[in-house]
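# Coordinates in review
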Amino acid sequence: MSYEIAIIGAGPAGASAALFAAKAGKKTLLLDHGKSMTARAWVENHYGVDGIEGPKLLELGKEQATKFGADLKEEEVLSISEQADEYVLETANGTYLTKHVILATGAIAQLAEKSGITTKEGSEPRIKNVVDVDSSGKTNKERLWAAGTVADQSVHTIITAGDGAKVAINVISELNGERYVDHDVLKA
């Protein structure tokens, strides 16, 4: 099965990216290995949330993304390779094809390094390496993006979630050939 956008990692950055991509009508795959550092967090500094356990925040993010049509797979991506005009994502259970990839792997940059994506030293405490991205989230590889902590954003969930949304909007805009904006309006 082929997707327009595949997001690797379903923490705040990845689930937020998947939510925006799926809501925009893009065929979206969300892959997660269940090892997010948010799973160990208590979050009281997230706008609009009066304290929440990290596991519950992760669950809600995945639920929102799938509600809009993202295809969630609880699988670890082992490799990323290029085939013609698509990327091949290999997991222990098989392979997935996609036009665009958003890496949202949190504090872990090994998959990026293994895939030939340029990395650099991280600026956050205890984050050794991160993906080198431009201001839109693009990496050195065509149609391969990164968002959140792995893209050298702060580890705070509200910041990584916002960065995931920003990068997804940029991918959607590229796919559409024009700037995409998602505005919901109160129903009368």
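Note that residues are indexed from 1 along each chain, following the sequence as it is written. Only residues with pLDDT of at least 70 get local features here, since the model is predicted, and only at 80 or more are side-chain atom pairs given and counted; chain-wide, interface and lining totals rely on the full set of residues. Excluded from the side-chain calculation are hydrogens and water; included are all heavy atoms of the structure.

## Thoughts on the packing of aromatic side chains
Side-chain rings of Phe, Tyr and Trp, where Trp is taken by its six-membered ring, are said to pair if the distance between their centres is within 6.5 Å; with planes under 30 degrees apart they count as stacked, over 60 as edge-to-face, and otherwise as tilted. Under the defined criterion, the tally for this structure stands at one aromatic pair. We count a charge as sitting over a ring when the NZ of a lysine or the CZ of an arginine lies within 6 Å of the ring centre and within 35 degrees of the ring normal. Taking the ring centre of Y3 as reference, the NZ or CZ of K27 above it sits at 5.7 Å.

## Brief notes about the side chain of S136
A run of H or I in DSSP counts as a helix once it spans at least four residues, and a run of E counts as a strand once it spans at least two, with each numbered from the N terminus. With respect to the element layout, S136 can be found in the loop between β10 (129-131) and β11 (144-146). You can call S136 buried: its relative accessible area is 17%. Reaching out from S136, the side chain makes a polar contact with the side chain of D134 at a distance of 2.7 Å. The cut-offs for exposure are 20% and 50% of the maximum accessible area for each residue type, with area from a 1.4 Å probe on protein chains only; residues under the lower value are buried, those over the upper are exposed, and the others partly exposed. Under this definition, polar contacts are N or O atom pairs within 3.5 Å; protein pairs additionally need one hydrogen-donor-capable and one acceptor-capable atom, and for neighbouring residues in sequence, both atoms have to be side-chain atoms.

## Thoughts on helix α4 (residues 157-176)
Spacing of three or four residues puts side chains on the same side of an α-helix, whose turn is 3.6 residues. Expected helix span is computed as 1.5 Å times (number of residues minus one). Along its 20 residues, α4 runs 28 Å from first to last C-alpha, staying within 8% of the 28 Å computed at 1.5 Å per residue. Looking one or two places after α4, you find G177, whose phi comes out positive at around 75°.

## What to know about the pattern of salt bridges
Salt bridge, as applied in this entry: a Lys or Arg side-chain nitrogen positioned within 4 Å of an Asp or Glu carboxyl oxygen. Under the counting rule described, the total for this entry stands at eleven salt bridges. The residue D184 makes a salt bridge to K23 at a minimum N-O spacing of 2.7 Å. Placement of D184 in the segment after α4 and of K23 in helix α1 (residues 12-23) is noted, with a sequence separation of 161 residues between them. When its relative accessible area of 24% is taken as the criterion, K23 is described as partly exposed. Notably, a salt bridge pairs D163 with K166, separated by 3.2 Å at the nearest N-O pair. In this pair, D163 and K166 both sit in helix α4, three residues apart, roughly one turn of the helix. Look at D163 and you get buried, because its relative accessible area is 6%. Each of K23, D182 and D184 takes part in one network of salt bridges that share partners.

## Focus on the packing of α1 against helix α2 (residues 54-67)
To obtain an axis, a line is fitted to C-alpha atoms, over the contacting stretch when the element is a helix, and the angle between two such axes runs from 0 to 180 degrees between their N-to-C directions. Here α1 crosses α2 at 15°, and the two axes come no closer than 8 Å. On the basis of their axis angle, the class for α1 and α2 is roughly parallel. Between α1 and α2 the crossing geometry is left-handed. Across the interface between the two elements, P12, A15, A18, L19 and A22 of α1 pack against L58, G61, K62, Q64 and A65 of α2. Residue classes in the contact of α1 with α2 are distributed as seven nonpolar, two polar and one charged. Orientation labels follow simple angle bins: below 35 degrees gives roughly parallel, above 145 gives roughly antiparallel, 65 to 115 gives roughly perpendicular, and whatever is left gives oblique. Helix crossings are classified by the rotation of the near helix relative to the far one: an anticlockwise turn of less than a right angle makes the crossing left-handed, while a clockwise turn makes it right-handed. We call two residues in contact whenever any of their non-hydrogen atoms come within 4.5 Å of each other. Any residue outside Ala, Val, Leu, Ile, Met, Phe, Trp, Tyr, Cys, Pro, Asp, Glu, Lys and Arg is labelled polar, Gly included; the first ten of those are nonpolar and the last four are charged.

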